[in-house]
Structure formats: structure tokens, C-alpha cells
Amino acid sequence: MIEVNGKQVEWEEGITVEKLLKKMNYTFPKIVVRVDGKVIEKSDWEEHHIPDQSVVQAHHLIAGG
Amino acid sequence: MKIVGINEKECTMCGACETTCSTFYYKEDDRLKSAIQVEEVEASPGVAIHVCNQCGKCIEVCPVEAITRTKKGIVTINKKTCIGCFNCVGVCPTDTMFWHEELVEPFKCISCARCTKECPTEAIFMEEVS
Amino acid sequence: MAKSIEDMRKSRRALASYDYDQAEVEKGYTGKTLYINISDNTIKSKNVTEQMKDIFIGGKGFGLWYLWNGVKPETRWNDPENEIVISSGPIGGITQYPGSGKSLVVTLSPLTNSVMDSNVGGFFGPYLKFSGWDALEIQGKAEKDIVIFIDGDKGKITIEEVDIDPTASHLVSEQLTELLAENEKDKKNISIVSSGSGGENTNIGILNFSFYDLRRKVARMKQAGRGGIGTVFRDKKIAALAVKFSNLSGRSNNPADPSKIAKTGVKITREINKFDDEQFRMRQIGTANLMTPMNDYDLLPVHNFKYGSHPDAAGLSSDTLRDRFTQNMPDGCWVGCALSCCKAVDNFELKTGPFKGEKVLVDGPEYENAAGLGANCGIFDANYVIEANFYCDTYGIDTISTGTIIAFAMECYENGIINKEITGGLELTFGNADAAMELIHQMGQGKGFGKIASQGVRRMKKIFAEEYDADPAFLQDIGMENKGLEYSQYQAKESLAQQGGYAMTNKGPQHDEAWLIFMDMVNNQLPTFEKKAEALHYFPMFRTWFGLQGLCKLPWNDIVPEGNAQTDSPEKIPEHVQNYVDIFNAVTGKKIDQDEMIRQSERVYNFQRIFNLRLGFGTREHDASPYRALGPVTEEEYESRSERYDKQLKEDLGIDPTEMSITDKIKEMRKYREGRYETLMDVVYERRGWTKNGIPKLEKIKELGIDFPEVVDVVKKNL
């Protein structure tokens, strides 16, 4: 299991930041992703593997109304 | 149109261009009131010369249509129409639309060529571009 | 419909005039406000006291203070003593920082019967100030339609009868601009405030504030939309207000430290140029950039807030709308705004209504219009939304209320609560664009079923229950209003914090106090009641501040500076908060910090809460939410997201849903969600320094320094 925005999510072998966002349906273009506190740059999302037990934050930078 | 061409390698940072410009247009020797500004930078060749290339990006953002292009292609500010919002300063891709805290309106190079005549090393010169 | 300008000029007849010496603006204030009573045509100047500046700051603060003094507890919206107060604020009118030209309008609302405030762009507020007046206060009722002219160049005010047709706002703006301008160039020096026939025929009348677009050569309009201010305006028989000021400069606001303002302004203008295209694309699409993400995250209101997305949403996607807007224009509603979000559709040929066949400019559609008039009514057709947007504006009716009203009527129609007989033949099913368009015309013109719809959701519920035997409880559940005001267009079901952000507000469910959906629902940054309450304290206070200053909210967080993600609280955009503190200090010469900024808002916010109380509202019962905003009302609603809801029953409530009937599931879910909303109220009230009944505590108002005897009296009476 990993924690994504405070919620438990099933961990999968080989899951990357990119795949996780897809799985979560996080399509918004401006998301700041932290894995265990460390910001992962967008250019690294495809490559960056998320280890089991990680704590992931995917903060949507959306201003709204 | 004729713009101020630059060859930064030749620049000795003597300041003659800045003095010429600010003295002519603002009657004082203050490099921050010059429409051409020379800056020491880390990257080679160690000097950056900031002067307008007359690209005209500022024209389209001016809310009061104070910025226009002359028949000769030079971008000028009508100071009577300008209200000093500095949108043009923020949008300028070459950071060559200048502002000064004592002045309400921004200012820029209008290709008058005075500075190029004072440059001792031909680091700046008038050049024809399309 | 259009009158000749010459005829109009000849018809001008002054009922009263007043010459004055224009007070110089000093550090953001002229120190004078203009009082006009149109019952007896009194025109006078009032002094702004230091206490007003210290406690009420300006803008909405000044409006609330004057209104408080002008009305009695029993005053209602259509009594002559009700006032319309327009004020920008100390920062309003600077041109170097984006979003600095707003006007705040305050009055007693025909929808809520309580205090209403609305934040609007256009040139009126800044020009009013530079003409010598920090605020304009209008009281009384005229006998015949009048126009009030404020000539800031000559120092002259007149109340006049003018032969002008006040029914179409875009023509009123255009014609009065033409009347006052000496030449084409002069038009940018004029701003008109007007309403339209919707102001006469509905409870949701708006005020349009004009700003002249030099490139398009047309007087465009921004809307003070919420709460029926235009209805009050027309009830007072005001056809229009006009201001003229010709000497605008970047120093007109005469700030204490212009250099600091320029530096801060250039900094954010550079940010906008660098990042806007990759962030929110405000310059390309304006607020309509939200359409696609809202649908993607199940937050776009669909079918009267039943759902959060729709398979046809592509018809109103952000990019679809972008393609309709003219690009690369400086679309600021105030001079110099680099965020440039007020997009327009040019040369739009109208297919219906009194202007059928004409090619017009349409301001917008903004997000609220596309979401409310379109998605919420099940209509995913950009042409419909653009046309509806145009007519709402020119009739002078609120697009947000209109969207929520039509959506409500459609759900009632589909449930058999109303039928063709009642609607006069309108087949109000979700998605029926022709019927919706016809209803807008009826509302604007005061005809047919439009006469019922234009009273607003709260009164429609009453009429449907009393006259058509509808179940009042069901209407209460699905009628999306709180305090009498229609909800703005966000689906809040999965964000408890946003449910509070809507219903625990001063004026009613408008998202301008707090927009916490992503922080709460997606990012899960507010996992506890305490954190939600903290957000429901901080953000409403912070956002109130814009309305005290004459500022727009958008440049705060619709552009994000570099490095923001690395700050302690990215959602607050700390660098921009500091920009605002710096600008306030640079304008006024005062030395406030970020804490004092929040205190400034708290004073006015609590004062407004107590003002509600004084008028017989402002307690806990008025912060109740229709259940539609909290959770699934109907079976189809539950079933459409049953996986989500079943999971919640299991994980959050500890109930196994497998053997449960859908009725029981809805019941259990409702008990849980309503319980949480009640708890949230307790915690938020506590954080705001209020009693369990939502009344500011005496020690709180003392601490804030708003313990005027009258204020204390009101609070004591209600404790």
C-alpha cells in the first residue's frame, strides 16, 4: 500500500508517478508531486518509480472561483 | 528599419552610450534613465547590452494604444496618451522597456543613433534589419 | 429602440445640479463621499473620517457603514431609505498592479432581504474616486426615470431626466457614452452604470459597469451580478449613472510610494507573461479555463447540481470556448491589468429575441455562465451559452441565478411538479436549449412563466408548494439556494469544507468567500474539522480584503509565482499575499503586516454578520444548506455514483451496504453528512469567535474595535 493525498492506495509493481496519476484520474495540468516529501519534477514522472509504503502528495495547483 | 546593433565582445563598459542617452532625453547623467543599458554579467563575454530591437510586442498589450510603430518601423510611446501602467515593461521579451521611479511613463530606444556615434569601440552601431 | 443621440441631448432636463471642487486624491483617498437623495434631489458632500478609514478601510467596508446608518432594522429592499453604495477602495485605480480597478456595490437585496455586496470591474469606481469621491451613496426613489451625471472634469453633478430607453443595458452604455464623448478618443474617459428590463421584471437584476474598449470601439460591460442590486436600482427609477474623468494617469491615486507599486507590479506582470500560458491560460480563456478540469474531477454542476460531469461536456470545454474568443487583445476590465481575463466573442449573430439577426460583441462567457446556463441545465452548446450570456447581460439579469433557477425549474418539470400548462408551453427538460432561451426572454421581459422564475428559487419553492401541491421537503432538498440567493456553479457534494464555504457566508452561497474544493476533496489538505475550520476562517477573511481595497481576486492565485510549491502554504500564495501588503502600504503610507490584513477583514466581516442579525437574519438557521449541496437526494443520483457512495458507507460509516435497500443507503448517508455539516458549523463558529448560534461574541467585537453602542445592542439582543 501507498498513501496518496492521505488515502490508502494499492501499490503495484513498477508504478511510476506518471502511472499513479493516471490511475488516480489526476488529469489536471498543474500538479506538484512529492514522494516522501521530495518534489519530483514533471520531466521525471515517467521514470520515477514509487516504492511500496511511500507517502505521495499530489497537490493540484488550482485556483478556482 | 534601422535598429541599434550590438557586439558585446567589443564593449568596454565605458558608459558613454548611457550618458549620451539620458543627458539628451532627460537632461541628466543617470544611466537608469538611459534607453540603452549596459550590465556586467557572468556569462561570456561578461557584458550584456540591453537595447530595444523594435519587435513591437509591447504594442498589442498597451491598454490605451499609446505605443505605435512609425512609418520607419520604430516603436514609440506617445507620452501624452501613456498612463504609466507598465504592462509593456512586464511583457518586453528583451527587458528593454525601462521605467524609473521618478518618471510616470516608461521609456525605450527610438533608434535615434546618438549613442552609436559616441561609442568608442563600435560595440553598438546602426544596422538595417527587416 | 435606439434613439438618436441628438434627440437625447435635446431631451436632457436637469432636476438638480451641484458644483464642487474636486478633492485631490491623497494616498488612495479623496476624503470625501457623495450623497444623493433622489426623492428630494439633495446632493451633498460628506467627509470621510479617520475612523472610517481605520475600521472600514473602503470599498465594501464604506458601503456597509453607510448602509447601516441609512436604514433601520425594519427597512426592506424597496423602501426609499434603502441605499445603493458604490465605492472602490484605497488601492482601486492604480494601474501598475493587475486587477486594481474594482468597484464594490452594497444594498439591501430583494432576494435575501438582507445585506448584499457585489464586486465588479469596469471604469466607474476608479473614475468616481478620481472625480473626487471615495464613495457614491444613493438613497430615495425618483418619480420618473433619471440619470445621474458626475462630471469629474468640470466638478459638476446633475440629476437629469433624459429620453433614454433603459431596457437594454448594452444600448444604454453605448448611447450615454456617445452622448458624453466629445470625440472617439474621449470615450475611454466615460463609464456608465445601468441595469435593463430585467431590473424591472425580476428579483435578480444586475448592474452593468461599462469600460470602453479602444480597439473594438465599443463600451463593454462587467457585472455586479449577485443578489438583485439592479432590481433595487430600477425600483429607485434610476436609468443610469454616468461618470466622466479625462485625466487618468498612473499617478492618479497619488500613492505614498509609487516606486514600490511599480516594482511589485512589474514583477507580477513578468510572472504572468512567463507562466500564464502553461498555468491557467487566463489571457486566452479567462475563467472559462475551469470548464474542462471541473468536468474531469466531477465538479461541474450538471442537471441542477445532481452530477459533476457529463459525456457531452466537450461541447463547452475550455478549448472550445477559447476558440470562440478573440485572442491577443488587452482584455483588462481596468486599465493596465496584465491578466487580461475578460474575454469576448466578437461579431456574434443573435438568433433569437429583440436583437435577432444583429451582430454583437458578447462579454464572456465566463466559467459561471458556461457552467450555470449550460452544463447545469444540461445544455452543452457553446452557441446557446454565448447567446444566453448576451441576453442576460443586456436584460440585466444575473447569469448565475438564472442558471440555477432554470436548472431548478427543469428538475421540477421532469418530476411533474410543473407542467406545460404552468410553463405556458415551455418544455423545460434538461438539455432543451430553445425552451431555456425562451424562458430567459420571458424573465427579462416580464412575461409568462418568466414572471415566476424571475422571483428566484426561494419564492419558486413557495409557489410550487402552495399552488401546485409540490412536496415542500423535496423542493427544499433540490432548490439550490441559501439565504434566498442561488448557488454559484460548483458541485460541492464531496467537499465538506466547500459546503461551509457556500452556506456559512454573509451574503449567501457565492464562492467568493472560499473555494476549497481541491484543497479539501482532492489534495486532502484539510483532513480534520479543525483544519477545515481554519480554512473557513482564513480564506473568507483574506478574500474579504479584496473588497475593501477595490481589488480583484484573480491575480492572487490565478497566476502562481516560481517557487510557490516549496513554500509552507502554497495554497495561500505567500508571495502574492506579501505583494498586497506591500501595495497597501505603498498606497496609504501605513505599515500593516499580514496579520493586520486579516484583522482589517475580520472587522468588516463581523460587522456584516451583525448587520444581517440586525435585519432579522445572521444566525445558525440561516447557514443551513439544501441537501443537494451536501449529498445525493434522489435514487438516480445515488446510483450514478453508487460505487463511491457504497465505499463511503463501508469505510467512513462502518456500514455494510451489500444487503441495504437504496432508500436506506440514502438515509444513512444523509444522516452522516448532515451530522458532519452540523459539527463543521460548531467548529467554524468557534474559530471565528462566534456563539453556537453563529453570533459574534461580545469579546470578539470588542477585540476588533467594532463595539459601537448600536452594534453591541444588536448583539446583546440576540445572545
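Scroll up to find the structure this text is about.
These figures come from a predicted structure and were not determined experimentally.

1. With respect to helix H5 (residues 169-180) of chain C
Residue and element names in this part refer to chain C. Taking 1.5 Å as the rise per residue, H5 with twelve residues should run 16 Å; its terminal C-alpha atoms sit 17 Å apart, in good agreement. Three or more residues of H5 are buried, namely Ser169, His170, Leu171, Val172, Ser173, Glu174, Gln175, Leu176, Thr177, Leu179 and Leu180. On its buried side, H5 packs onto helix H1 (5-11), strand S10 (190-194), strand S11 (207-213), strand S12 (218-224), strand S13 (238-244) and helix H13 (382-395).

2. Observations concerning helix H12 (residues 367-374) of chain C
Residue and element names in this part refer to chain C. A large share of H12 lies buried, amounting to eight of its eight residues. Residues of H12 that are buried: Tyr367, Glu368, Asn369, Ala370, Ala371, Gly372, Leu373 and Gly374. Those residues of H12 that are buried are in contact with helix H10 (291-296), helix H11 (318-322), H13 and helix H14 (399-414).

3. Thoughts on the packing of helix H3 (residues 60-70) of chain C against helix H25 (residues 594-614) of chain C
Residues and elements named next belong to chain C. It is at 10 Å that the axes of H3 and H25 come closest, and there the two elements cross at 30°. Between H3 and H25, the interaxial angle falls into the category roughly parallel. The hand of the H3/H25 crossing is left-handed. Residue-level contacts link Lys60, Gly61, Leu64 and Trp68 of H3 to Val604, Phe607, Gln608 and Phe611 of H25. Looking at the contact of H3 with H25, its residues break down into five nonpolar, two polar and one charged.

4. Focus on the interface of chain A and chain C
If you look at the interface, chain A gives 15 residues, while chain C gives 19 residues. In terms of residue class, the side of chain A that touches chain C is built from six nonpolar, seven polar and two charged.

5. Re the nonpolar core
Counting 266 residues, the largest nonpolar core has Cys88(B), Leu64(C), Ala240(C), Ala242(C) and Ala409(C) as its most contacted members. For Cys88(B), the residues in contact, after removing those within four places along its chain, are Cys58(B), Val61(B), Cys62(B), Ile67(B), Met97(B) and Pro106(B).

Definitions and cut-offs
- Residues take numbers from 1 onward in each chain, read along the sequence in its written order.
- Starting at A for chains and at 1 for ligands, labels are handed out in the order in which the entities are written.
- Reporting in this predicted model follows two pLDDT cut-offs: at least 70 for local features of residues, and 80 or more for side-chain atom pairs to be given and counted; totals over whole chains, interfaces and linings ignore these cut-offs and use all residues.
- Put simply, DSSP H or I for four residues or longer makes a helix, DSSP E for two residues or longer makes a strand, and each gets a number counted from the N terminus.
- Here the expected length of a helix is defined as 1.5 Å per residue gap, with one fewer gap than residues.
- Burial is judged by counting the other C-beta atoms within 10 Å of a residue's own C-beta: 20 or more makes it buried, 12 or fewer makes it exposed, and any count in between marks it as partly exposed, with every C-beta position built from the backbone.
- Residues are defined as contacting one another if the C-beta atoms placed from their backbone atoms lie within 7 Å.
- The axes used here are C-alpha line fits, helices contributing only the stretch in contact, and every angle between their N-to-C directions lies in the interval 0 to 180 degrees.
- Orientation labels follow simple angle bins: below 35 degrees gives roughly parallel, above 145 gives roughly antiparallel, 65 to 115 gives roughly perpendicular, and whatever is left gives oblique.
- What makes a crossing left-handed is the near helix being turned counterclockwise from the far one by less than a right angle; a clockwise turn instead makes it right-handed.
- Basically, the charged four are Asp, Glu, Lys and Arg, the nonpolar ten are Ala, Val, Leu, Ile, Met, Phe, Trp, Tyr, Cys and Pro, and anything else, Gly included, counts as polar.
- Under the definition applied here, buried Ala, Val, Leu, Ile, Met, Phe, Trp, Tyr and Cys residues are grouped into a nonpolar core through C-beta atoms within 7 Å.

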